[in-house]
Amino acid sequence: MKTAIAASGDSKESLMDKRFGRCPFFCIYDDENGDIVFQKNHGLDAQEGAGPVAVQLLVNEGVQKIVAAEFGGKVKPVLEELKIQMIMMQDERSIEDVINQLSK
């Protein structure tokens, strides 16, 4: 299963970004084979609708779970309709720490 993590940078040492739609990168972690890929978030610079742009990117990548500190009000119903699980983590941690937590 693929999980996207909102990321502040494009490495495992980067911190998880608090924003979903406006994060600079997504770390896409595949728990079946351990693959980790970083994707630039093309919705980052959108004047409006950053969340839906990010959702489309992640749907195209086959993501079934998303980890972020917060999700915008416009994006929550879209993710619920697509049956994509939202996981909220509030504390500041690295992408590697989030992946380790998901792997437990």
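The preceding data block contains the structure.
All of these numbers come straight from a predicted model, not from anything done at the bench. (Residues numbered from 1 in each chain as written. Predicted model: local features only at pLDDT ≥ 70, side-chain atom pairs only at ≥ 80, totals over all residues. Heavy atoms only, no water.)

Enquirer: Looking at this structure, how should I read the side chain of D30?
Expert: The topology assignment puts D30 in strand β2 (residues 25-30). Notably, D30 is buried but unbridged: the nearest opposite-charge side chain belongs to K2, and the N-O separation is 5.0 Å. Sequence-distant contacts of D30, that is, excluding residues within four places in its chain, are made with M1, K2 and D35. (Helix = DSSP H or I, 4+ residues; strand = E, 2+ residues; numbered from the N terminus. Buried < 20%, exposed > 50% of the residue type's maximum accessible area, 1.4 Å probe, protein only. Lys, Arg positive; Asp, Glu negative; His and termini not counted. Salt bridge = Lys/Arg side-chain N within 4 Å of Asp/Glu carboxyl O. Contact = heavy atoms within 4.5 Å.)

Enquirer: Please clarify how the sheet that holds strand β1 (residues 2-7) should be interpreted in this entry.
Expert: Strand pairing within a sheet occurs via backbone hydrogen bonds; the two strands may be parallel or antiparallel. Strand order in the open sheet formed by 5 strands is β3-β2-β1-β4-β5, with mixed pairing between adjacent strands. In the strand order of this sheet, the two ends are held by β3 (36-40) and β5 (85-88), each with one partner. The average angle at which neighbouring strand axes cross in this sheet is 25 degrees, direction not considered. Taken together, the 4 bridges between strand β4 (residues 63-68) and β5 define a ladder with parallel strand orientation. Counterpart to V67 in the pairing with β5 is I87. Contacting β1, β2, β3 and β4, helix α1 (residues 50-60) crosses the sheet at an angle of about 25 degrees to β2. (Pairing = 2+ DSSP bridges. Axes fitted to C-alpha atoms, helices over the stretch in contact; angles between N-to-C directions.)

Enquirer: Is there a simple way to explain a nonpolar patch on the surface in this structure?
Expert: Residues V59, V78 and L82 make up a contiguous nonpolar surface patch of about 200 Å² in total accessible area. Inspection of the secondary structure puts V59 in helix α1. (Patch = residues over 30% accessible without salt bridge, like charges linked within 9 Å, V, L, I, M, F, W, Y side chains within 5 Å. Areas by Shrake-Rupley, 256 points an atom, 1.4 Å probe, with all protein chains shown as cover.)

Enquirer: How should the layout of surface pockets be read in this particular structure?
Expert: Empty pockets left among the atoms are what a rolling probe the size of a water molecule brings to light. One number sums up the size of the largest pocket: a volume of about 180 Å³. Taken together, 13 residues line the largest pocket, and the ones lying closest to its centre are F20, G21, R22, G51 and G72. In terms of residues, the lining of the largest pocket owes the most to one element, α1, which gives 3 residues. Among the residues making up the lining of the largest pocket, the classes are represented as 5 nonpolar, 4 polar and 4 charged. (1 Å grid on protein atoms, 1.4 Å probe; cavity = no way out; pocket = protein on both sides within 12 Å on 5 of 7 lines; lining within 4 Å. Points joined across faces, edges and corners; volume = space filled by probe spheres on them. Nonpolar A, V, L, I, M, F, W, Y, C, P; charged D, E, K, R; others polar.)

Enquirer: So what exactly am I meant to see when it comes to the nonpolar core here?
Expert: The nonpolar side chains of a soluble globular protein tend to be buried with one another. Formed by 17 residues in total, the largest nonpolar core has its most connected members in A4, F20, F26, L58, I66, F71 and L79. Broken down by secondary-structure element, the contributors of at least two residues to this core are β1, β2, α1, β4 and α2 (75-81). Residue contributions to this core peak at 4 residues, all from α1. With residues near it in sequence (within four places) discarded, F26 still touches A4, I5, A6, F20, V37, F38, Q39, N41, A54, L57 and L58. One finds M16, Y29, V67 and I95 within the second-largest nonpolar core, a separate group that totals 12 residues. (Core = buried A, V, L, I, M, F, W, Y, C linked by side-chain atoms within 4.5 Å.)

Enquirer: How should I be thinking about unusual backbone geometry in this particular structure?
Expert: Most peptide bonds adopt trans geometry, and most residues besides glycine take a negative phi value. Phi is positive for K83, close to 60 degrees, though the residue is something other than glycine. Residue position: K83 is located in the loop between α2 and β5. We classify K83 as exposed; its relative accessible area is 73%.

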